[in-house]
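# Fold and contact review
Residues per chain, in single letters:
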Amino acid sequence: MASPTRIGILTSGGDCPGLNAVIRAVVRTCSQIGWEVLGFNDGYEGLLDPVRYEVLTRRRTSGIMQLGGTILGTTNRGRFAAKVGHGDKARIPAEVLQEAKRTCDQLEIKALICCGGDGSLSTALQLQEAGVNCVGVPKTIDNDISATATSFGFDSAVNCVADAIDRLQTTARSHKRVMVVETMGRYAGWIALYGGLAGGADVILIPEIPFHYEYVVNAINQRMAAGYRSTMVVVAEGARAVGEGFVTQADAAKPGEKRLGGVSHHLTEYLASKLEYECRNIILAHLQRGGEPTALDRILGTRFGVGAVQLVQQGKFGHMVSYQDYKIDSVPIAEAVGQIKTVPPDGQVVMAAKAMGIHFGDIQP
Ligand code: F6P
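Residues numbered from 1 in each chain as written. Predicted model: local features only at pLDDT ≥ 70, side-chain atom pairs only at ≥ 80, totals over all residues. Heavy atoms only, no water.

### What about the nonpolar core?
- In this structure, Ile9, Val26, Ile113 and Val137 are the most contacted members of the largest nonpolar core, which totals 58 residues.
- Top element by residues in this core is helix α4 (residues 154–175). It accounts for eight residues.
- In this structure Ile113 touches Ile7, Gly8, Ile9, Leu10, Val26, Val135, Val137, Ala308, Val309 and Val312, once residues within four positions along its chain are discounted.
- If you look at the next biggest cluster of nonpolar residues, it comprises 29 residues, including Leu48, Leu121, Leu125 and Leu127. (Core = buried A, V, L, I, M, F, W, Y, C linked by side-chain atoms within 4.5 Å. Buried < 20%, exposed > 50% of the residue type's maximum accessible area, 1.4 Å probe, protein only. Helix = DSSP H or I, 4+ residues; strand = E, 2+ residues; numbered from the N terminus. Contact = heavy atoms within 4.5 Å.)

### Here we look at the sheet that holds strand β14 (residues 319–324)
- Read across the open sheet, the seven strands follow the order β3-β2-β1-β6-β7-β14-β15; overall the sheet is mixed. Strands with a single pairing partner mark the edges of an open sheet, and in this sheet they are β3 (53–56) and β15 (327–332). Strand-to-strand twist across the sheet, computed as the mean angle between neighbouring axes with direction ignored, equals 30°.
- In the packing of helix α1 (residues 19–32) onto the sheet, the strands contacted are β1 (6–11), β2 (36–40), β3, β6 (111–116) and β7 (134–138), and the crossing angle to β1 comes to about 175°. (Pairing = 2+ DSSP bridges. Axes fitted to C-alpha atoms, helices over the stretch in contact; angles between N-to-C directions.)

### Brief notes about the domain arrangement of the chain
- You can read the domains of the chain as domain 1 (6–152 + 293–324) and domain 2 (157–289 + 344–355).
- The C-alpha-based centres of domain 1 and domain 2 are spaced at 33 Å.
- Between domain 1 and domain 2, the residue contacts involve 11 residues of the former and 12 residues of the latter.
- Between domain 1 and domain 2, a total of about 1100 Å² is buried, with carbon and sulfur atoms accounting for 50% of that surface.
- Taken together, the connections running from domain 1 to domain 2 amount to one salt bridge.
- Across the pair Asp15 and Arg289 runs a salt bridge, and its minimum N-O distance is 3.0 Å.
- Across the domain 1-domain 2 interface, the total number found is two residue pairs in polar contact (both at pLDDT 80 or more).
- Looking at the side of domain 1 that touches domain 2 residue by residue, the classes come out as three nonpolar, four polar and four charged. (Domains from an automatic or database assignment. Buried area = accessible area lost by both parts, 1.4 Å probe. Salt bridge = Lys/Arg side-chain N within 4 Å of Asp/Glu carboxyl O. Polar contact = N/O pair within 3.5 Å; in protein donor to acceptor, adjacent residues only side chain to side chain. Nonpolar A, V, L, I, M, F, W, Y, C, P; charged D, E, K, R; others polar.)

### Describing the environment of Ala149
- Along the chain, Ala149 falls in the loop between β7 and α4.
- Relative accessible area serves as the criterion here: at 42%, Ala149 is assigned to the partly exposed category.
- As for Ala149 and Thr74, which are separated by 75 residues in sequence, their C-alpha atoms are 24 Å apart.
- Not counting chain neighbours up to four residues away, the residues in contact with Ala149 comprise Asn143, Tyr323, Gln324 and Lys341.

Given below as structure tokens:
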């Protein structure tokens, strides 16, 4: 009897609520058509010596949809780092790509489903060029992947931010304080914008709209003078003041590398020096990435998983699933990577927020 068609799946880059929904959907769809699924551990690293994978059955993936993270494990960067920073492309060494291809050939893998963000999808593209059939699944809490209206993980992150703001509102009002909440979002402010809107923020600062410190001070003073007992400022980790660079921190685990983070701390110190109200900052960091996915992210992850298997069936390698006009579609990975999707400063959502008096720090209030 001929052995069943076998495909591989891996999750790469930062983890994201909804990844397990993708894995489960891939396994269930494959089991319906008699295909076998191998799940590689720790992202692309699992393809290299020592090769690490497990056979994923329906039973193994039962009950995982509601779990955060990824049952396969993941690696951010590692030996496959195709991207070293925004717009900064690096070729993966040919010997690394060839070793990964050898693993896929030896295991007789028809195609590899690669779930990842911009950098991990760039890796999929290079593997595809090296002769491994790859299909991409866009994954990002930041909602910054081009060629898809949204991705799973974003809604869960936004819900986390909204919940945090709800909690901070009550304590801020009690103490008459200014709260500065820092969200993830390196080059795109989607989480800060949507989380801020959902939580009822008064000031939202995003990378796409450089802010002026003194305008933020004035906006807060105006609001407090009008009798409000608190002000909620939401700032994306990649937000910058006009004429200033990103706020970064050294990464102890990766000497020489810097991580974004800490802009809320700087801003809060400045505000505290100018305002007569107490100011506090909180960095939500990985709380936004952990925990269970929302129903929306479970459904989107599930639909992406089914769509990815269908792309393999259709032989549409080098493509990734995408979400457009409420439908699952596909686009060449090459068209999606290397250009992130940022918040349009004059787009509907920002304009709606401005129409309600939410301040972005860009104009004198
Ligand atoms: O790309 C997703 C993201 O969550 C960014 O918003 C954030 O800057 C980064 O990952 C943090 O990654 P790490 O967990 O590797 O520090």
